[in-house]
Amino acid sequence: MKQKKATIRDIAKAADVSISTVSRVINDYKWVNPEVRQRIMDVMQELHYVPNYNAAAMARGRTDTIVILVPNIVNPFFTAFVSIAMRTLRKAGYIPLVYETDNDEEEEKELLMGRIAQLADGIISVTDSVPEEVLSEIIAYYEEQNKPMIFVDRNIDVTFADSLMHDNVGAVAGVVDYFVQAGHSRIAMILGNQGASASADKLEGYRLGLHRSGLTLREDYIRWGNWSRETGERETIALLELPEPPTAIFASNNYICLGVLDALASRGMRPGVDISLIGTEECRQDVLDFEKLGITNLRLNSEELAMQASERIIQKLSNGDLLARSNHTKTAFKMQMTERSSVVCLKDETP
């Protein structure tokens, strides 16, 4: 005969406490005497009682889950980000749920408005494919639900949501300055997805750098694709086949930079000798790779972004007034340039 499953009432009776006290232990409330808590947990184990966490979550209006959206978990930047974010959230008692969007607008939209995201207590998004007008409607929905959203490396208006980003405008303008100081005037840039705020900010920085150096913007030196190695290779070949090819290239993410190197190798060209290249390091693995290759780089900090994003969403979930617009913040991290040997100096330094 099948043994009857123990109920919360059975636990309360065996532990000689009220049903509400058992409920507080199941829901991990802090104001329970440690000895009483342990006694209840011992009884639960003896009676093989398995709490119904779905019911408990519905009763509390919380699931203790945080959704993390990333474009691609294979990219070392997102791998490092997810690893630290998961560790930080777990330490605080939350269950992180990670999903990939593959930089697809419909996939990202579906995940943001899907059942899992709606049940979660909050969302950390490191994606940038959904247009701003659509995203504002999604943000408004979660604001009504009083659920926090943290956007990483996306330039979000501070009246809508919290964002953590890199100073892409200032950083890329600095890249142009660096090339110009080395004597370059034919400077190209390879970007990822059009419409992404990161791409828009980097393009703005490129324009700014050219403008303050007195250089003319050439549309054929601005190349688009996605954030992939294939884009870097394809667009570099296209640049090299121009009647007047650039003497310097800025690769706007780590994978694009590797693609640039593939294209140069296929032509027997070496960065720092035949052409100048500045890339973007996005995590510690990139540092190891590009250091060996001698590639001058802008340095992103995936670890710091992950830590900050996780701590902020935990803090918001700990506060009563989660999403008051006055509480939204935007933080821009400066990007450091690591000088190596991939930029050729074209200036004649002889007296």
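The structure this text deals with has already been given above.
Attention here is on the structure that accompanies the text.

1. Focus: helix H6 (residues 105–112)
Here comes step 1: What H6 keeps buried is the set Glu108, Leu111 and Leu112. End-on, the buried residues of H6 take up no more than an arc of 100 degrees, which puts them together on one face.
Here comes step 2: On the buried face of H6, the contacting elements are strand S1 (65–70), strand S2 (95–100), helix H7 (115–119), strand S3 (122–125), helix H8 (132–144) and strand S4 (149–152).

2. Examining the packing of aromatic side chains
Here comes step 1: Inspection of the entire model under this criterion finds two aromatic pairs.
Here comes step 2: Ring geometry for phenylalanine 77 and phenylalanine 78: centres 5.0 Å apart, planes at 85 degrees, overall edge-to-face.
Here comes step 3: Among the residues examined, phenylalanine 78 registers a relative accessible area of 11% and is labelled buried.
Here comes step 4: The aromatic ring of tyrosine 221 is capped on one face by arginine 218, whose charged end is 4.1 Å from the ring centroid.

3. Observations regarding the packing of helix H5 (residues 76–91) against helix H14 (residues 302–318)
Here comes step 1: The interhelical angle for the contact between H5 and H14, taken along N-to-C directions, is 35 degrees, at an axis separation of 8 Å. As H5 runs across H14, the sense of the crossing is right-handed. Each of Phe77, Ala80, Phe81, Ile84, Ala85, Thr88 and Leu89 in H5 lies in contact with H14, whose residues at this interface are Ser302, Glu303, Leu305, Ala306, Met307, Ala309, Ser310, Glu311, Ile313 and Ile314.
Here comes step 2: Tallied by class, residues from the contact of H5 with H14 come to twelve nonpolar, three polar and two charged.

4. Describing the sheet that holds strand S11 (residues 330–333)
Here comes step 1: Spatial strand order, S2-S1-S3-S4-S5-S11: six strands in an open sheet with parallel pairing. Taken across any chain shown, the strands that pair with only one partner, and hence form the sheet edges, are S2 and S11. The sheet shows a mean angle of 15 degrees between the axes of neighbouring strands, taken without regard to direction.
Here comes step 2: Running at roughly 145 degrees to S4, H8 makes contact with S3 and S4 of the sheet.

5. Points about a negative patch on the surface
Here comes step 1: A surface patch of like charges, here negative, comprises Glu100, Asp102, Asp104, Glu105, Glu107, Glu110, Glu132, Glu133, Glu137 and Asp157.
Here comes step 2: Elements supplying a minimum of two residues to the negative patch: H6 and H8.
Here comes step 3: Relative accessible area serves as the criterion here: at 31%, glutamate 105 is assigned to the partly exposed category.

Thresholds applied
Residues numbered from 1 in each chain as written. Predicted model: local features only at pLDDT ≥ 70, side-chain atom pairs only at ≥ 80, totals over all residues. Heavy atoms only, no water. Buried < 20%, exposed > 50% of the residue type's maximum accessible area, 1.4 Å probe, protein only. Helix = DSSP H or I, 4+ residues; strand = E, 2+ residues; numbered from the N terminus. Arc of directions from axis to C-beta. Contact = heavy atoms within 4.5 Å. Phe/Tyr/Trp six-rings, centres within 6.5 Å; stacked < 30°, edge-to-face > 60°. Lys NZ or Arg CZ within 6 Å of the ring centre and 35° of its normal. Axes fitted to C-alpha atoms, helices over the stretch in contact; angles between N-to-C directions. Left-handed = near helix turned anticlockwise from the far one by under 90°. Nonpolar A, V, L, I, M, F, W, Y, C, P; charged D, E, K, R; others polar. Pairing = 2+ DSSP bridges. Patch = residues over 30% accessible without salt bridge, like charges linked within 9 Å, V, L, I, M, F, W, Y side chains within 5 Å. Areas by Shrake-Rupley, 256 points an atom, 1.4 Å probe, with all protein chains shown as cover. Salt bridge = Lys/Arg side-chain N within 4 Å of Asp/Glu carboxyl O. Lys, Arg positive; Asp, Glu negative; His and termini not counted. Charge placed at Lys NZ, Arg CZ, Asp CG, Glu CD.

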